[in-house]
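Chain residues, written in single-letter form:
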Amino acid sequence: MDLKTEHTEGVAVLFIREDRLDANNSEELKAELHRLFEGGTKDLVIDLKEIHFIDSSGLGVLVSGYKNASILHGTLKLSNLQSQVKSMFELTRLHRVFDIFTSVDDALQSYR
Amino acid sequence: MKNDIDIDIRVPSHTRSLRMIGRIGEKVARDIDCPEVIRESLPGLLAIVLTEGVVNAIKHANSADPEGDIHVRINVSNKDLVVRIYDNGVGFDLEAVPTPSLTSNGLEEKGRGIYIIRSLMDTVKYIRSDGGNVLEMRKKLA
């Protein structure tokens, strides 16, 4: 999976540079989140700008990350949801669980 | 209105096949003759139900035979769109699959696939067929 992770003001920002987050690659995201949590990260923003398709496996990894961040007393937030991804969040009511922003900057702003 | 589509697909039982299956679904959906209000959402709908159904077949049903193929059939008439996904596994009880939590209480990581299929399709059945099982999903077009 093509992933770029940056650290800004104590928050990890993950840019997923793939067009799909699905059963074929979601475990790789899970592994990266695990690596970050093990390394002391507890606040993260996942930027989904390039993701145009997400399935239940992709949703599951995001939920897993959300729960693990909570356990560490941090939060996982999301930015730049494209239309299919938004639809899937609404269908599964996950749009009421996650804090979702239209840009990485807005997500980072929410941590200040 | 005239739809008469019958597509039969076999792909390796691996998640690498998902991208192609989804693309096939989107392309088929774009050629379906039906009311605009249904047609505009069909490509996305077909892509996701195919993905969820095939993942289900790979993970739960074909795990006993990972070198096997996944068999998918898509039939479109003027009345409805039917997607059938065949597996050779031991099967599972569709009625026993719980609805996932829709709030942040008891948030599960897994279990949304069947819920998604049920939310988007009009009828969903899982039945024994020819020594295996078939997940049959139907969407009305008129």
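To be clear, the structure that these remarks concern was listed above.
Just so it is clear, the model here is predicted, and its values are computed rather than measured.

A. Looking closely at the overall build of chain B. Regarding its fold elements, chain B presents four helices and five strands. Order of helices (α) and strands (β) in chain B, N terminus to C terminus: β-α-α-α-β-β-α-β-β. Rg of the C-alpha trace for chain B: 15 Å, near the compact-globule value of 14 Å for 142 residues, within the 12% margin. Based on the C-alpha atoms only, the size of chain B along its principal axes is roughly 40 × 40 × 25 Å. Taken across its 142 residues, chain B has 34% of its residues classed as buried. Within chain B, contacts between residues separated by at least 24 positions form 65% of all contacts whose residues are at least 6 apart in sequence.

B. Structural context of the sheet that holds strand β2 (residues 69–76) of chain B. Residue and element names in this part refer to chain B. With antiparallel pairing, the five strands of this open sheet are ordered in space as β1-β2-β3-β5-β4. A strand with exactly one partner marks an edge of an open sheet, and here the two such strands are β1 (5–12) and β4 (123–129). The sheet shows a mean angle of 15° between the axes of neighbouring strands, taken without regard to direction. Sheet analysis places β4 next to strand β5 (residues 132–140), joined by seven bridges and oriented antiparallel. Across the sheet, the residue bridging to S129 is G132, located in β5. Strands β1 and β2 of the sheet are contacted by helix α1 (residues 18–30), whose axis makes an angle of about 170° with β1.

C. Main features of the pairing of strand β3 (residues 80–87) of chain B. All names here are of chain B. Two strands pair when backbone bridges link them, and β2 and β3 are joined in this way by six bridges, in the antiparallel orientation. Among the inter-strand pairings, I74 is bridged to a residue of β3, identified as V83. Across eight bridges, the pairing between β3 and β5 is antiparallel. Across the sheet, residue I85 finds its bridge partner in β5, namely L135.

D. Main features of the sheet that holds strand β6 (residues 76–79) of chain A. With mixed pairing, five strands are arranged side by side in an open sheet as β1-β2-β4-β6-β7 (chain A). Two strands bound the open sheet, and with one partner strand each, they are β1 (3–8) and β7 (100–101) of chain A.

E. A look at the nonpolar core. Counting 62 residues, the largest nonpolar core has L44(A), I46(A), V49(B), L50(B), V54(B) and I85(B) as the members making the most contacts within it. For this core, the element with the most residues is helix α3 (residues 42–61) of chain B, which contributes 10 residues. Leave out the neighbours within four places in its chain, and L44(A) touches V11(A), A12(A), L14(A), L36(A), A69(A) and L76(A).

F. Molecular detail of unusual backbone geometry. Residue and element names in this part refer to chain A. The phi angle at E9 is positive, at roughly 55°, despite the residue not being glycine. Tracing the backbone shows E9 in the loop between β1 and β2 (11–16). Unlike most non-glycine residues, R93 shows phi in positive territory, near 65°. Note on placement: R93 falls in the loop between α3 (83–91) and β7. Accessibility expressed as a C-beta count within 10 Å gives 13 for R93, which makes it partly exposed.

G. Fine view of the interface of chain A and chain B. Between chain A and chain B, the contact holds 19 residues from the first and 20 residues from the second. Of the residues belonging to the side of chain A that touches chain B, the class tally is six nonpolar, eight polar and five charged.

H. Summary view of α3(A). Residue and element names in this part refer to chain A. Among the residues of α3, V85, M88 and F89 are the ones counted as buried. The buried residues of α3 occupy one face: seen down the axis, they fall within an arc of 100°. Residues S83 and E90 are exposed on α3 and point more than 90 degrees away from its buried face. Positioned one or two residues after α3, R93 has a phi angle of 65°, which is positive.

I. Local environment of α1(B). Residue and element names in this part refer to chain B. In this model α1 runs 19 Å from its N-terminal to its C-terminal C-alpha over 13 residues, within 8% of the 18 Å that 1.5 Å per residue would give. Taken together, the buried positions of α1 are L18, I21, G22, G25 and A29. Burial along α1 is one-sided: seen end-on, the buried residues are contained in an arc of 100°. Of the exposed residues in α1, the ones pointing more than 90 degrees away from its buried face are M20 and R30.

About the criteria used
- Residues numbered from 1 in each chain as written.
- Chains lettered and ligands numbered in written order.
- Predicted model: local features only at pLDDT ≥ 70, side-chain atom pairs only at ≥ 80, totals over all residues.
- Helix = DSSP H or I, 4+ residues; strand = E, 2+ residues; numbered from the N terminus.
- Rg over C-alpha atoms; globule rule 2.2 N^0.38 Å.
- Buried ≥ 20, exposed ≤ 12 C-beta atoms within 10 Å, placed from the backbone.
- Contact = placed C-beta atoms within 7 Å.
- Pairing = 2+ DSSP bridges.
- Axes fitted to C-alpha atoms, helices over the stretch in contact; angles between N-to-C directions.
- Core = buried A, V, L, I, M, F, W, Y, C linked by C-beta atoms within 7 Å.
- Nonpolar A, V, L, I, M, F, W, Y, C, P; charged D, E, K, R; others polar.
- Arc of directions from axis to C-beta.
- Expected span 1.5 Å × (residues − 1).

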